Amino acid sequence: MKNEIKPNYRRIYSDIIEIKFHDKKRDFDHLLKENMTALEIMELDRTLFGEIEDQDTEIFNQSHRSYDKNTILKILNYQKEYNLNNSQLSNQFKISRTTITKWKKFLKFI
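Just so it is clear, the model here is predicted, and its values are computed rather than measured.

Caption draft 1: The arrangement of helix α3 (residues 38-49) in detail. For α3, which comprises twelve residues, the first-to-last C-alpha distance of 16 Å matches the rise-based estimate of 16 Å (1.5 Å per residue) to within 8%. Buried residues of α3: A38, I41, M42, L44 and L48, and no others. Each buried residue of α3 sits inside an arc of 160° when the element is viewed along its axis, so together they form one side. Immediately downstream of α3, the backbone of G50 shows phi near 80°, a positive value.

Written out as structure tokens, the structure reads:
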């Protein structure tokens, strides 16, 4: 089995909070976990920095996201739970419709 090396997001965001938001550190402590999923990281990022206004930055950030299998399954389960089509799910998570379709084919989720 392949050993995956992942960034320590807990430490990264702890440092960011310590430097930029040290007066609100206790407000963010409950969001920091040892093994964070991609969805939790995106939520923490949105909580700290808000929504991105610049479209070019948003496109750049989206093109560099990666999702592990557990996160993909959570996103597809969210679609099933809330009875969303691929376009609605795409808008919700800012993922392309073709990516969602590829995930479904790959995981045989349908």
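The structure having been displayed, the exposition proceeds.
Caption draft 2: Structural context of the pattern of salt bridges. Applying the stated criterion to the full structure yields three salt bridges. Between E40 and K33 there is a salt bridge, with the nearest N and O atoms lying 2.9 Å from each other. Between R46 and E43 there is a salt bridge, and its shortest N-O distance comes to 3.0 Å. Within this pair, R46 and its partner E43 are both found in helix α3, separated by three residues, close to a single helical turn. Residue E43 is classed as partly exposed on the basis of its relative accessible area, which comes to 41%.

Caption draft 3: Looking closely at helix α5 (residues 69-81). Look at α5: 18 Å from first C-alpha to last across 13 residues, which is about the 18 Å you get at 1.5 Å a residue. Along α5, the residues classified as buried are T71, I72, I75, L76 and Q79. Each buried residue of α5 lies within a common arc of 130° when the element is viewed along its axis, so the set occupies one face. Structural note: α5 exposes K69, K80 and E81 on the side pointing more than 90 degrees away from its buried face. Summarising the contacts, the buried residues of α5 are in contact with α3, α6 (86-93) and α7 (97-107).

Caption draft 4: Representation of the packing of aromatic side chains within the structure. In total, this model carries four aromatic pairs according to the counting rule given. Consider the rings of Y67 and W103, whose centres lie 5.4 Å apart with planes at 75°: the pair is edge-to-face. With Y67 in the loop between α4 (55-63) and α5 and W103 in helix α7, this residue pair connects regions lying 36 residues apart in the sequence. In this structure Y67 comes out as buried when scored by relative accessible area, which is 18%. Arranged with centres 5.2 Å apart and planes meeting at 85°, the rings of Y78 and F93 form a pair that is edge-to-face. With a gap of 15 residues between them, Y78 in helix α5 and F93 in helix α6 connect regions that are remote in the sequence. When its relative accessible area of 26% is taken as the criterion, Y78 is described as partly exposed. Members of the aromatic cluster, joined through ring pairs, are Y78, Y82 and F93.

Analysis parameters
Residues numbered from 1 in each chain as written. Predicted model: local features only at pLDDT ≥ 70, side-chain atom pairs only at ≥ 80, totals over all residues. Heavy atoms only, no water. Helix = DSSP H or I, 4+ residues; strand = E, 2+ residues; numbered from the N terminus. Expected span 1.5 Å × (residues − 1). Buried < 20%, exposed > 50% of the residue type's maximum accessible area, 1.4 Å probe, protein only. Arc of directions from axis to C-beta. Salt bridge = Lys/Arg side-chain N within 4 Å of Asp/Glu carboxyl O. Contact = heavy atoms within 4.5 Å. Phe/Tyr/Trp six-rings, centres within 6.5 Å; stacked < 30°, edge-to-face > 60°.

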